[in-house]
Amino acid sequence: MAITSLDPGPGAAALQAWGGQMAAFGSNETVVDKVLPDMLHLIDPHWHQFPPMNPLWHGLLGFVIGVLGFISVTGNGMVVYIFTTTKSLKTPSNILVVNLAFSDFLMMFMMAPPMVINCYNETWVFGPLACQLYACAGSLYGCVSIWTMTMIAFDRYNVIVKGIAAKPMTINGALLRVFFIWAFSLAWTVAPLFGWGRYVPEGNMTACGTDYFDQSLSNMTYILLYSIACYYAPLFLIIYSYFFIVQAVAAHEKAMREQAKKMNVASLRSSDAANTSAECKLAKVALMTISLWFMAWTPYLVINYAGIFKTMTISPLVTIWGSVFAKANAVYNPIVYGISHPKYRAALYARFPGLSCQSAPEDNGSVASAATATEEKPSA
C-alpha cells in the first residue's frame, strides 16, 4: 500500500512544517535568515544561534495582536469619545482618564497593524528607520500610560486622603500634568535616537525595542535609569498612593461604626453592608490596578535585565511575551479606568443602548473611577 499516494491533508502539512522547524536545530538555518539585508547591521550576534521560529507562532502572534488591536482601538476610542462629548464627564480628573485612553489608542492604532504584517512575513519588512520609530513610539506610549496611571492614583490620594484640606485639581492643573507626562516620556524615549541607548529588532524579528545585549556603558546606563524612571518610580508611587487611600477609607469606616455604637444605632448608613462596601470595593480596585500594571510591564523589564546582566538565555520565543503583555495593557485600561466609572457607563448605555446589560445603570460617580466616586464622600 503506497501511503505517499494519499492526500496528506492539512494535518500532515502542519506536521511537515513543524518537522522542518525541528530539523533546523541540526542545520545551519537561523532565525536571522529571513531578515532583510538593510536590517542585518541591527541584529545582535546572540540571535544567530537560534533556529527559525515555527510559522505557527508567527501566525498566532499576528492573530492575537490583531484581536488586541481591534479591542483596544474600539474600547479606547469609545472612552475618548464619551468622556469628551458628555458634559457631566468634562472634569479635571477625567482629563487624565482621557489622556490614558488616548495614549493606549495610539499605541495599538499605530503598532498593531505593522506587527501583524511583519508576523505574516515572519520578519521586519519596513526598514531600519521604521524600526527605530516603531520602538520609540511603543516606548513613548507605554511611558505615557504608566505615568498617567500614576497621576490618576495621585489624584485619588489627594481627594480621599487629604479630603477638604486638599487643593482641588483644576482644568489648567490637569492639562499641565498631561503636558509634563508627554514631555517627560518623550525625553526618555527619543534618547536612543540620539545615541544614548539603542533600538533594534527583537528576537522574534517582527517588532523592535531596546537593545538589551549591548554591554556598552551608554546602553546599560540608559536601560537602568529608564527602568527607574518609568517602572520602579511609578510603581512605588502607585503602591504608596493606594496604601494610604485604603488606610484612610478603613479608618473612616471604623470611625463611623464607633459613632453608630455611641448613638445606639445599627449603622449610620442605610444598611450594614454599606459600612464595609467602601473598603472592600476600593481594596479590590487598588489590588486589581497594581496587579494588572505589574503583569503588563514586568515581562519587558525581566527580558531587558536578563539581557544586560546575562542572567538567562533569551530565546526568540521569550521575546514574544513582552510584546503581548505590554500591549494587552492597552486593552484592559479602558475597563479599569473607563467602564468602572458609573457616569461613563450611564453615558455609554445612553449612546449605545445595545451595550447595556442592566435596566438602569447607576449614576453616582464623580472622578476618574468608581473607587474615587465611592470614596470622595468619606474624605470630607
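The rules behind the values
- Residues numbered from 1 in each chain as written.
- Predicted model: local features only at pLDDT ≥ 70, side-chain atom pairs only at ≥ 80, totals over all residues.
- Heavy atoms only, no water.
- UniProt positions renumbered as here; feature names shortened; annotations may be inferred.
- Helix = DSSP H or I, 4+ residues; strand = E, 2+ residues; numbered from the N terminus.
- Buried < 20%, exposed > 50% of the residue type's maximum accessible area, 1.4 Å probe, protein only.
- Contact = heavy atoms within 4.5 Å.
- Areas by Shrake-Rupley, 256 points an atom, 1.4 Å probe, with all protein chains shown as cover.
- Disulfide = S-S within 2.5 Å.
- Patch = residues over 30% accessible without salt bridge, like charges linked within 9 Å, V, L, I, M, F, W, Y side chains within 5 Å.
- Salt bridge = Lys/Arg side-chain N within 4 Å of Asp/Glu carboxyl O.
- Core = buried A, V, L, I, M, F, W, Y, C linked by side-chain atoms within 4.5 Å.
- Expected span 1.5 Å × (residues − 1).
- Phe/Tyr/Trp six-rings, centres within 6.5 Å; stacked < 30°, edge-to-face > 60°.
- Axes fitted to C-alpha atoms, helices over the stretch in contact; angles between N-to-C directions.
- Parallel < 35°, antiparallel > 145°, perpendicular 65-115°, else oblique.
- Left-handed = near helix turned anticlockwise from the far one by under 90°.
- Nonpolar A, V, L, I, M, F, W, Y, C, P; charged D, E, K, R; others polar.

- The chain is annotated in an unreviewed UniProt entry as Opsin from Heliconius wallacei flavescens.
- Word for word, the UniProt comment on the chain under Function (unreviewed entry) is "Visual pigments are the light-absorbing molecules that mediate vision. They consist of an apoprotein, opsin, covalently linked to cis-retinal. May play a role in photoperiodic photoreception."

1. A closer look at the overall build of the chain
Link 1 in the chain: Along the backbone of the chain there are 10 helices and two strands.
Link 2 in the chain: Ordered by position in the sequence, the α and β elements of the chain form the string α-α-α-α-α-β-β-α-α-α-α-α.
Link 3 in the chain: Buried positions account for 50% of the 380 residues belonging to the chain.
Link 4 in the chain: A sequence separation of at least 24 residues applies to 75% of the contacts in the chain between residues at least 6 apart.
Link 5 in the chain: In the structure as shown, the chain presents an accessible area of about 18300 Å², 70% of it carried by carbon and sulfur atoms.

2. Description of the state of the cysteines
Link 1 in the chain: In this structure the tally under the stated criterion is one disulfide.
Link 2 in the chain: Disulfide pairing places Cys131 opposite Cys208 at an S-S distance of 2.0 Å. Since a negative S-S torsion denotes a left-handed disulfide, the Cys131-Cys208 link at about -120° is left-handed. Of this pair, Cys131 sits in helix 4 (residues 127–160) while Cys208 sits in strand 2 (residues 208–210), and the two are 77 residues apart along the sequence.
Link 3 in the chain: You can call Cys208 buried: its relative accessible area is 5%.

3. Observations concerning a nonpolar patch on the surface
Link 1 in the chain: A surface patch of nonpolar side chains, about 510 Å² in accessible area, is lined by Leu60, Phe63, Val67, Phe70 and Ile71.
Link 2 in the chain: Tracing the chain through its elements places Leu60 in helix 2 (residues 55–85).

4. What to know about the nonpolar core
Link 1 in the chain: Grouped together as the largest cluster of nonpolar side chains are 97 residues, with contacts concentrated most on Trp47, Tyr212, Trp293 and Trp297.
Link 2 in the chain: Broken down by element, the residue count for this core peaks at 18 residues, all from helix 4.
Link 3 in the chain: In this view, Trp47 contacts Val31, Val32, Pro201, Gly203, Met205, Tyr212, Phe213, Ile314, Ser315, Pro316 and Thr319; residues no more than four positions away in its chain are not counted.

5. A closer look at helix 4
In an α-helix, one turn spans 3.6 residues; hence positions three or four apart end up facing the same way.
Link 1 in the chain: Under the 1.5 Å per step criterion, the end-to-end length of helix 4 is 50 Å for 34 residues, consistent within 8% with the ideal 50 Å.
Link 2 in the chain: A large share of helix 4 lies buried, amounting to 29 of its 34 residues.

6. Structural notes on the packing of aromatic side chains
Link 1 in the chain: Summed over all chains, the structure comprises 25 aromatic pairs.
Link 2 in the chain: Pairing Tyr157 with Tyr240 gives two aromatic rings, centres 5.9 Å apart and planes at 40°, and the pair type is tilted. You can see Tyr157 sitting in helix 4 and its partner Tyr240 sitting in helix 6 (residues 217–262), a full 83 residues away along the chain.
Link 3 in the chain: Between Trp188 and Tyr226, the ring centres sit 5.9 Å apart and the planes meet at 35°, which makes this aromatic pair tilted. Here the residue Trp188 occupies a position in helix 5 (residues 171–189), and Tyr226 occupies one in helix 6, the gap between them amounting to 38 residues.

7. Let's talk about unusual backbone geometry
Link 1 in the chain: Phi is positive for Met205, which is not a glycine, with a value near 65°.
Link 2 in the chain: Tracing the sequence through the fold places Met205 in the loop between strand 1 (199–201) and strand 2.
Link 3 in the chain: For Met205, a relative accessible area of 2% gives the class buried.
Link 4 in the chain: Residues other than glycine seldom take positive phi values, yet Lys310 does so here, at roughly 55°.
Link 5 in the chain: Mapped onto the elements of the fold, Lys310 is located in the loop between helix 7 (273–309) and helix 8 (316–339).
Link 6 in the chain: Its relative accessible area of 53% is what places Lys310 among the exposed residues.

8. Here we look at the pattern of salt bridges
Link 1 in the chain: Summed over all chains, the structure comprises two salt bridges.
Link 2 in the chain: In this structure, Glu122 engages Lys34 in a salt bridge whose closest nitrogen and oxygen atoms are separated by 2.8 Å. With Glu122 in the loop between helix 3 (92–121) and helix 4 and Lys34 in the loop between helix 1 (9–23) and helix 2, the pair connects residues that are 88 residues apart, well separated along the chain.
Link 3 in the chain: A relative accessible area of 47% means that Lys34 is categorised as partly exposed.
Link 4 in the chain: Between Asp211 and Arg198 there is a salt bridge, and its shortest N-O distance comes to 2.9 Å. Placement of Asp211 in the loop between strand 2 and helix 6 and of Arg198 in the loop between helix 5 and strand 1 is noted, with a sequence separation of 13 residues between them.
Link 5 in the chain: What makes Arg198 partly exposed here is its relative accessible area of 29%.

9. Digging into the UniProt feature "transmembrane region" (unreviewed entry) in the chain
Link 1 in the chain: Using the residue numbers shown here, the UniProt feature "transmembrane region" (unreviewed entry) corresponds to residues 60–83, 95–112, 132–154, 174–196, 223–251 and 285–307.
Link 2 in the chain: As a span, residues 132–154 carries 100% helix and 0% strand, and end to end its C-alpha atoms are 33 Å apart.
Link 3 in the chain: Helix makes up 100% of residues 223–251 and strand makes up 0%, while its end C-alpha atoms are separated by 41 Å.

10. Quick word on the packing of helix 5 against helix 6
Link 1 in the chain: Two elements in contact, helix 5 and helix 6, have axes separated by 11 Å at closest approach and are oriented at 165°. Judged by the inter-axis angle, helix 5 sits roughly antiparallel to helix 6. The element helix 5 and its partner helix 6 pack so that their crossing is left-handed. Counting all contacts with helix 5, which are made through Phe184, Trp188 and Thr189, the residues of helix 6 involved are Tyr222, Leu225, Tyr226, Ala229 and Cys230.
Link 2 in the chain: Residues that form the contact of helix 5 with helix 6 fall into these classes: seven nonpolar, one polar and no charged.

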